[in-house]
Amino acid sequence: MLVAGVCVAGCCSMMFGFVEYMEGTTFVVFCFLIRTMEALGVSAYFTAGTAILTHAFPNNVAKVMGTLEVFTGLGLMAGPPIGGLLYGVGGFKMPFLVVGGMMLCCGGVVWILVPRQDDEKEEKKTTSLLSFLRIPTMALTCGLTVVMSCSLSFLDPVLQPYLSDQFKLSPTDVGLVFLLWSGVYTVTAPAWGFFADIKIASRFMITGGMVVLTVSVLMIAPSPLLSDYLHILPVKEWVTIVGCVVMALACGPAFSSIFNEMLWAASDAGIEDNFATYGMVSGLFNAGFSVGEFVGPTASSALVEKFGFPWATTVFGGFTLFYTMVLVIFYLWDYFKHSKRGHTGPSTEEERQHLLV
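Please read these numbers as outputs of a predicted model, since none were measured by experiment.

(A) Up close: the overall build of the chain. Across its full length, the chain holds 14 helices and 0 strands. For the chain, the α and β elements follow one another from N to C terminus as α-α-α-α-α-α-α-α-α-α-α-α-α-α. For the chain, whose C-alpha radius of gyration is 21 Å, the value lies close to the compact-globule estimate of 21 Å for 357 residues. Along the first, second and third principal axes, the C-alpha set of the chain runs to 60 × 55 × 40 Å. By the burial criterion, 45% of the 357 residues in the chain qualify as buried. Nonlocal contacts in the chain, meaning residues at least 24 apart in sequence, comprise 83% of its contacts between residues at least 6 apart. For the chain, the exposed surface amounts to about 18500 Å²; the carbon and sulfur share of it is 72%. Both charge centroids of the chain, one from 17 positive and one from 25 negative side chains, sit 7 Å from each other.

(B) Expanded view of the nonpolar core. Within the largest apolar cluster, 57 residues are counted, with the highest numbers of intra-cluster contacts made by Met138, Met148 and Met247. When residues in this core are grouped by element, the largest group, 8 residues, is from helix 6 (residues 136-153). With residues up to four places along the chain from it excluded, the contact list for Met138 reads Phe132, Met262, Ala265, Ala266, Val281 and Leu284.

(C) Geometry of helix 7 (residues 159-167). Within the sequence span of helix 7, burial applies to Leu159, Tyr162, Leu163, Ser164 and Phe167. Buried residues belonging to helix 7 abut helix 8 (171-196), helix 9 (199-220), helix 11 (237-256) and helix 14 (309-337). Of the residues flanking the end of helix 7, it is Lys168, one or two places downstream, whose phi is positive at about 60°.

(D) The confidence of the model for the chain, seen in detail. When the pLDDT values of the chain are averaged, the result is 84; 91% of them are 70 or greater. Mean pLDDT values for the elements of the chain range from 80 in helix 3 (residues 61-90) up to 92 in helix 14.

(E) Representation of a nonpolar patch on the surface within the structure. Taken together, the side chains of Leu225, Tyr229, Leu230, Ile232, Phe307 and Trp311 present a nonpolar region at the surface, about 670 Å² in accessible area. Secondary-structure assignment places Phe307 in helix 13 (residues 275-307).

(F) Expanded view of the side chain of Thr145. Structurally, Thr145 is set in helix 6. Thr145 gets classed as buried once you look at its relative accessible area, which sits at 0%. In this structure Thr145 touches Ile258, Phe285, Gly288 and Phe289, once residues within four positions along its chain are discounted.

(G) Highlighting the packing of helix 3 against helix 4 (residues 93-113). Running from amino to carboxyl end, helix 3 crosses helix 4 at an angle of 120°, the nearest separation of the two axes being 7 Å. By the criterion of interaxial angle, the relationship of helix 3 to helix 4 is oblique. Crossing of helix 3 over helix 4 shows right-handed handedness. Between helix 3 and helix 4, the contacting residues are Gly83, Leu86, Tyr87 and Gly90 on the first element and Lys93, Met94, Pro95 and Val98 on the second. Its residues placed into classes, the contact of helix 3 with helix 4 shows 5 nonpolar, 2 polar and 1 charged.

Rules and cut-offs
- Residues numbered from 1 in each chain as written.
- Predicted model: local features only at pLDDT ≥ 70, side-chain atom pairs only at ≥ 80, totals over all residues.
- Heavy atoms only, no water.
- Helix = DSSP H or I, 4+ residues; strand = E, 2+ residues; numbered from the N terminus.
- Rg over C-alpha atoms; globule rule 2.2 N^0.38 Å.
- Buried < 20%, exposed > 50% of the residue type's maximum accessible area, 1.4 Å probe, protein only.
- Contact = heavy atoms within 4.5 Å.
- Areas by Shrake-Rupley, 256 points an atom, 1.4 Å probe, with all protein chains shown as cover.
- Lys, Arg positive; Asp, Glu negative; His and termini not counted.
- Charge placed at Lys NZ, Arg CZ, Asp CG, Glu CD.
- Core = buried A, V, L, I, M, F, W, Y, C linked by side-chain atoms within 4.5 Å.
- pLDDT = per-residue confidence, 0-100.
- Patch = residues over 30% accessible without salt bridge, like charges linked within 9 Å, V, L, I, M, F, W, Y side chains within 5 Å.
- Salt bridge = Lys/Arg side-chain N within 4 Å of Asp/Glu carboxyl O.
- Axes fitted to C-alpha atoms, helices over the stretch in contact; angles between N-to-C directions.
- Parallel < 35°, antiparallel > 145°, perpendicular 65-115°, else oblique.
- Left-handed = near helix turned anticlockwise from the far one by under 90°.
- Nonpolar A, V, L, I, M, F, W, Y, C, P; charged D, E, K, R; others polar.

Written as structure tokens, this is what we have:
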């Protein structure tokens with residue numbers, strides 16, 4: 001599944017480079033078809049890769065996820081300038097051909113180096129998706145994944161026009177703002193991952209991160225509630241930049257704890273700790289993240305068009321605050337109902353070695 005997903009995504013990326021030779025309805029149809037197939041490949045390898053890593057390091061899941069986020073952030077920072085350079089050298093198709101070729105090479109490397117995943121505890125009996133979603137903690141954490149993904153992506157289509165129109169920033173300056181956000185998130189994600197593996201700290205990190213995230217979202221425009229009514233923050237460029245930095249800092253503790261919360265919820269519900277469980281949790285995590293990546297930009301674009309950027313961020317801040325309150329109430333109820341919650345998975349040979357060796 002991992003190798004097949006990488007190869008499918010790589011082939012689709014290379015194919016997309018040739019849609020420039022199509023026109024009209026044919027162009028639109030092939031764009032949708034190719035991108036849909038590529039999405040299937042990406043979801044396959046991302047789900048399989050996450051499941052393999054968390055199964056290999058069951059007691060260091062948050063550290064693994066934090067390390068993965070480092071490379072995600074590096075890709076977000078390096079992708080646009082490299083893509084622009086390749087476009088300047090070889091035109092529209094060059095970035096897609098290079099990226100697709102690199103993915104095919106990575107597929108070959110993964111096929112050679114990644115060993116077969118055997119699970120000694122695997123049994124014929126598997127738990128259904130509906131059984132997972134019936135677990136209250138699992139359902140709420142899936143919702144948290146959607147909220148966090150929305151927060152990570154809702155600024156993508158609307159922040160650049162706002163910075164250009166409101167503060168007259170050049171495209172280079174706007175790119176630096178996005179680069180600053182990605183850089184802060186990339187640097188801090190591994191540190192939060194080390195703390196998130198401490199069971200008693202996980203839920204404090206989630207609630208604390210969500211509260212700070214709410215504040216940061218309200219700072220970015222800033223919200224008219226803070227600038228026009230309460231007169232706490234001015235509508236200045238530095239306020240928006242500080243809001244972006246605070247948002248990057250807030251996403252780390254909340255996001256790095258999600259996967260562990262889902263695994264602990266499955267364990268507390270009596271679901272067997274095996275590779276199938278890790279695969280199911282990985283699928284739910286990636287599904288929630290993908291839903292948020294779709295809902296966030298779509299909703300922000302519609303809100304900005306209807307009410308403007310400051311009120312759009314206010315709506316997102318209110319939504320984040322509401323979900324934070326839901327989580328706090330549930331965590332308090334769960335704490336008093338179950339005074340003990342914990343999970344210690346079996347150590348593996350890989351975990352006896354340093355995670356980054």
